[in-house]
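# A closer look at the structure
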Amino acid sequence: MKFETADICDENQDKKIQVLSSDYKNYGGRKKCQGKIITIKLDKSNWRLLELLRDEKGEGRVIVVDNSKAFYGVVGDKLMAFAKENNWAGIILNGFVRDIEYTKDIDVSLFAIGTCPLRNFEKTNSSRGIELNFDGVTFNDGDYLYADNDGVIISNEKLI
């Protein structure tokens, strides 16, 4: 995968590009990812995300997850293993991750705001395919995402 987000931004100044803040760090084994976005809004619980990663083929897409920064580890080694097995390119999480000693070795990008060993066990509501807004960025199903160590960029059209 050969691209640099900085170069994509430079080459597409005339297009509407959004950039996620540098608060989001990669805890996955894949250093870069790109793909079409699937959105999911969680209410603490990761059950719906688990089902998505386990039961659906990713086909190189990226899941953007809004957990409203609830202080729970939403994605860990088990969900990352499902993501790799089903060919998801990456996960962008407005929340926290766990098991990073293992997730860093799984070939999927995992951008999140931090770590938390605590997990939520109750089954709560979630919504899929809706517009998400966090950190000043809007995400929609079908948008395109490009991420590397310089940052995460989003566009409503394919850029490379």
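Everything that follows concerns the structure shown earlier in this document.
Along every chain, residues carry numbers that run from 1 in the direction the sequence is written. The predicted origin of the model limits local features to residues at a pLDDT of at least 70 and limits the giving and counting of side-chain atom pairs to 80 or more, whereas totals for whole chains, interfaces and linings rest on all residues. As a rule here, side-chain values cover all heavy atoms of the structure and leave hydrogens and water aside.

Turning next to helix H3 (residues 77-85). Summary of the burial criterion: residues with accessible area below 20% of their type's maximum are buried, those above 50% are exposed, and those between are partly exposed, where the area comes from a 1.4 Å probe applied to protein chains only. Each helix is a run of H or I in the DSSP string that is no shorter than four residues. Each strand is a run of E no shorter than two, and both are numbered from the N terminus. Within H3 the residues assigned to the buried category are Leu 79, Met 80 and Ala 83. Taken end-on, H3 shows its buried residues confined to a sector of 100 degrees, consistent with a single buried face. Facing away from the buried side of H3 by over 90 degrees, the exposed positions are Lys 78 and Glu 85. Where H3 is buried, its residues meet helix H2 (47-55), strand E5 (73-75), strand E6 (90-94), helix H4 (100-103) and strand E8 (109-112). Directly after H3, the chain includes Asn 87, whose backbone phi takes a positive value near 65 degrees. Arc definition: it is the arc formed by the directions from the helix axis to the C-beta atoms. Two residues qualify as a contact provided that any one of their heavy atoms is within 4.5 Å of a heavy atom in the partner residue.

So, on to H2. Buried residues of H2: Leu 49, Leu 50, Leu 52 and Leu 53, and no others. Buried residues in H2, looked at end-on, bunch into an arc of 165 degrees, giving them a common side.

Once that is clear, we can look at the nonpolar core. In plain words, nonpolar cores are sets of buried Ala, Val, Leu, Ile, Met, Phe, Trp, Tyr and Cys residues tied together by side-chain atoms within 4.5 Å. The biggest cluster of nonpolar side chains holds 23 residues, and the ones touching the most others in it are Leu 49, Leu 53, Ile 63, Val 65, Val 75 and Ile 91. Counting residues per element, the ones that place at least two in this core are strand E3 (33-42), H2, strand E4 (62-66), E5, H3, E6 and E8. Take this core: its biggest share by element is four residues, from H2. Ignoring any residue separated from it by four or fewer positions in sequence, one finds Val 65 in contact with Ile 40, Leu 42, Leu 49, Ile 91, Ile 92, Leu 93, Asn 94, Leu 132 and Phe 134. In this structure, Leu 20, Ile 37, Ile 92 and Leu 145 belong to the second largest nonpolar core, which totals 17 residues.

Purely geometric numbers; function is a separate question.
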